[in-house]
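# Overview (structure and organization)
Chain by chain, the residues:
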Amino acid sequence: MVDSQYYLPNEIGVSALDCSVAFHLLSPQEKMYAHYLSRAAWYGGLAVLLQTSPESADIFVLLQRIFRKQTPAQLEQVATAAGLSSEEYQAFLVYAAGLYANMGNYKSFGDTKFIPNLPKDKLKAVVKASQAFQDQPTEMEALWDSCSCLLYSLEDRKKQLGLGDKGISTYFSGNCCLEDAELAQKFLDSKKLSAYNTRLFKRDNGGKTCYEVRLASAVQKDCAVEGECESCCGSFNFEDKEFIVKRGDYAPLMEKVSYYLQQAQAYAANENQRKMLDEYTRSFTFGSVEAHKEGSRYWIKDKGPIVESYIGFIESYRDPFGSRGEFEGFVAVVNKAMSERFTKLVSSAEVLLPELPWPREFEKDTFLKPDFTSLDVLTFAGSGIPAGINIPNYDDIRQSEGFKNVSLGNVLAVAYATKKEKLTFLEEEDKDLFIKWKGPSFEVQVGLHELLGHGSGKLFVQVSQTYCDQPRDWRTGDETWDSKFSTIASSYEECRAECVGLYLCLNKQVLSIFGHEGQDAEDVVYINWLSMVRAGLLGLEFYTPESKSWRQAHMQARFVILRVLLEAGEGLVGLEEVTGQDSKPDARITLDRSKIHTVGKNAIHKFLCKLQVLKATADVEGGRALYDGYSTVSDSGAHNFLRLRETVLLRKEARKMFVQANTRVNGDSVELVEYEGSVAGLIHSFTERFQDEVEQLEADLLELSKRDASCWFPGYKRVCK
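Residues numbered from 1 in each chain as written. Predicted model: local features only at pLDDT ≥ 70, side-chain atom pairs only at ≥ 80, totals over all residues. Heavy atoms only, no water.

Spelled out, the test is: UniProt positions are given in the numbering used here, feature names are shortened, and annotations may be inferred rather than shown by experiment.
An unreviewed UniProt entry annotates the protein as Dipeptidyl peptidase 3 of Sander lucioperca. For the protein, the Subcellular location (unreviewed entry) comment in UniProt is given as "Cytoplasm". According to the UniProt record, the Catalytic activity (unreviewed entry) comment for the protein reads "Release of an N-terminal dipeptide from a peptide comprising four or more residues, with broad specificity. Also acts on dipeptidyl 2-naphthylamides."

## Considering the pattern of salt bridges
Where we set the bar: Whenever a carboxyl oxygen of Asp or Glu lies within 4 Å of a side-chain nitrogen of Lys or Arg, that contact is scored as a salt bridge. Only DSSP runs of H or I reaching four residues or more are called helices, and only runs of E reaching two or more are called strands; each is numbered from the N terminus. Any residue under 20% of the maximum accessible area for its type is buried, any over 50% is exposed, and the rest in between are partly exposed; the area is computed with a 1.4 Å probe on protein chains only.
What the rule picks out here adds up to 42 salt bridges. Across the pair Asp708 and Arg214 runs a salt bridge whose closest N-O atoms are separated by 2.9 Å. Pair noted here: Asp708 is in the segment after helix 27 (694-707) and Arg214 is in strand 3 (residues 208-216), with a separation of 494 residues, a long-range link. An identical accessibility class is assigned to Asp708 and Arg214; each is buried. In this structure, the salt-bridge partner of Lys293 is Asp396, at a minimum N-O distance of 2.8 Å. Highlighted residues: Lys293 in helix 13 (residues 289-301) and Asp396 in helix 15 (residues 395-400), separated in sequence by 103 residues. Under the relative-accessibility criterion, Lys293 is labelled buried at 11%. Three or more residues joined by partner-sharing salt bridges are found here, namely Arg199, Arg203, Glu212, Arg214, Asp249, Arg707 and Asp708.

## Describing the sheet that holds strand 4 (residues 234-238)
Using the following cut-off: Strands pair, by our definition, only if DSSP identifies at least two bridges between them. Axes here mean lines fitted to C-alpha atoms, for a helix over just the part in contact, with angles spanning 0 to 180 degrees between N-to-C directions.
Spatially, 2-3-5-4 is the arrangement adopted by the 4 strands of the open sheet, whose pairing is mixed. On the outer flanks of this sheet lie strand 2 (198-205) and strand 4, each paired with one strand and no other. Sheet twist, expressed as the mean angle between neighbouring strand axes with direction ignored, is 25°.

## Here we look at the packing of aromatic side chains
So the rule is basically this: Two aromatic rings from Phe, Tyr or Trp, using only the six-membered ring of Trp, form a pair when their centres are within 6.5 Å; if the ring planes differ by under 30 degrees the pair is stacked, by over 60 it is edge-to-face, and anything between is tilted. Two conditions define a charge sitting above a ring: the NZ of Lys or the CZ of Arg must be within 6 Å of the ring centre, and it must be within 35 degrees of the ring normal.
In total, this model carries 33 aromatic pairs according to the counting rule given. A centroid spacing of 4.8 Å and a plane angle of 20° characterise the contact between Tyr211 and Phe243, whose relative ring orientation is stacked. Here the residue Tyr211 occupies a position in strand 3, and Phe243 occupies one in strand 5 (residues 241-249), the gap between them amounting to 32 residues. There is no split in this pair, since Tyr211 and Phe243 are both buried. Put simply, the rings of Tyr36, Trp42, Tyr43, Phe60, Tyr100, Tyr259, Tyr260, Tyr267, Phe686 and Phe690 touch in pairs and so form one group of aromatic residues. A cation over an aromatic ring shows up here: Arg214 above the ring of Phe201, its NZ or CZ 4.0 Å from the ring centre. The aromatic ring of Tyr43 is capped on one face by Lys256, whose charged end is 5.0 Å from the ring centroid.

## A closer look at the state of the cysteines
The test is simple: Here, the term disulfide refers to a pair of cysteine sulfur atoms separated by no more than 2.5 Å.
By the definition in use, this model includes 0 disulfides. Considering cysteine sulfurs only, Cys499 is the nearest to Cys609, which forms no disulfide, with 12 Å between them.

In structure tokens form, the structure reads like this:
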């Protein structure tokens, strides 16, 4: 028996993301703009396969070839004849849909590997009986052989993403450890290079350690690009180690991204969009993060566009070291009615910011009012779809030039809907209220989290031997939040933002902006706080006891908040282990709503102040001690969290998967192609998504995968060239 956390259940929820109304309201020019941006996002998103695991790209191509020849309904007859039961065939479809939805065979939320929930010989039988195999038996046999063992492997190191012996990561060659990542970061800082679009490969060069830093770019020549005095590429000696910086990672994919961005330029609405796309194209062509930063500056200036988008190597959650960005790209259409609420929140920001608990000198001198819009997602390419985003992630731009916030309305509408019987760990009397107010309360939390959480607080910067701000030391100008706080940076910042949301949702003005008054407002506050402490308990699913590590930044943050509120005492939060109606272990979590505004607020006030001061002053040692302390999962103390983790795993519900539409040019117009909200619909959407020169695309993916195949396993050696 395989532990259920390593496969996706047959009854997993699948929902279609509806954006038809918003899309059909666009002008022909806007539809063309959205179409070409979507193409760029989808092709760039394929890089995530190569950023996830050694086998993901091969599995993707295997599935694409099978389902291009036969739809799930057509293949079912073949599978039945090959000896699969209906449950086994459904498990195969769920696995395929899961790989597409996560852009790899590790869960985007939690970084745990998932394998097919059917015997290997049954999967092999349906692959061999497929029309794709009949048409190309030699090629399909080779493809199956290249990935079938890794596809099912649950060796300890392969169960989750991680660095060194803690897991698998294709951001680093398999022989890299934490010390290698730290040394590489020092080297990158010394060369004023960002890690966002890089991967690191450690090699042996005649007995001397050699590191290859590979930049994502369409161009593979290591020449200087416009704006560079000299090429950033070349061979360098650093701390008696050789570092080679070269271009060309994901080159065929970056070429596609650049091509479609250039096509989109012809339909841009204004000069800011044109310049933004020009800089993005330069970034993906030459591997220049500086060009991407310049494009982000134009993106910030593009206020209130009808079609909103962002693309690049953005979030660093899945890099075990916390510095390298996963590729993502989204295209979305503004939901005007919902956006009005966020605009009011932005207008109130300067009044709300002083309410935060840290001293005035720890807040930005001037609040740069961002765009804050609610969007209906047309395209979100990457490993998963969030509910809200605050970008860009470049500290220097955010602090001095601004940022944007987006709430993804059609994601919120379906992602967190649940049935009463599936609500775990709550008292019965809380469940109806939870279902009624979960959506509205989460909307408030997302708004506060993104705008005043990620958008607040100052970072002190050292300039030469003096400091541009007081008090105390922070980073040098070349260091970033991610590079300084590395492995805890993402989760620490998510925790800070979540705390801001909890703290400011107590403000009546905030609740009024979102249309909540009187008892309704109090219910929204109660469910927001209850949802957070329940999420902290659910977060235990994403903790790995063997390596004592967390696999998901947001869920670690929520567990930390649960610990803080439990520590506050006075009966604010209750957590007890019980026996469920099915006679299996269960748990109950309670929140005393009468103490939220007193005991709860005071606890978050103190903790939030500590988080901000330690961050602002770059007290890495103090910040790590604080955060690691609350992140500890043990079987001692008032609560046996290791045992509670087993209960959480026993009763967990799989995250929903989303089916996204495609766009297709038909003459002078763009059509929206929609699919049913099912695993078959999700599979169909992907087989129709990549039809441009599909054989070349798949050959490129397989070649990119093959080129580095030997890098991920011990004993790998190759001479640097």
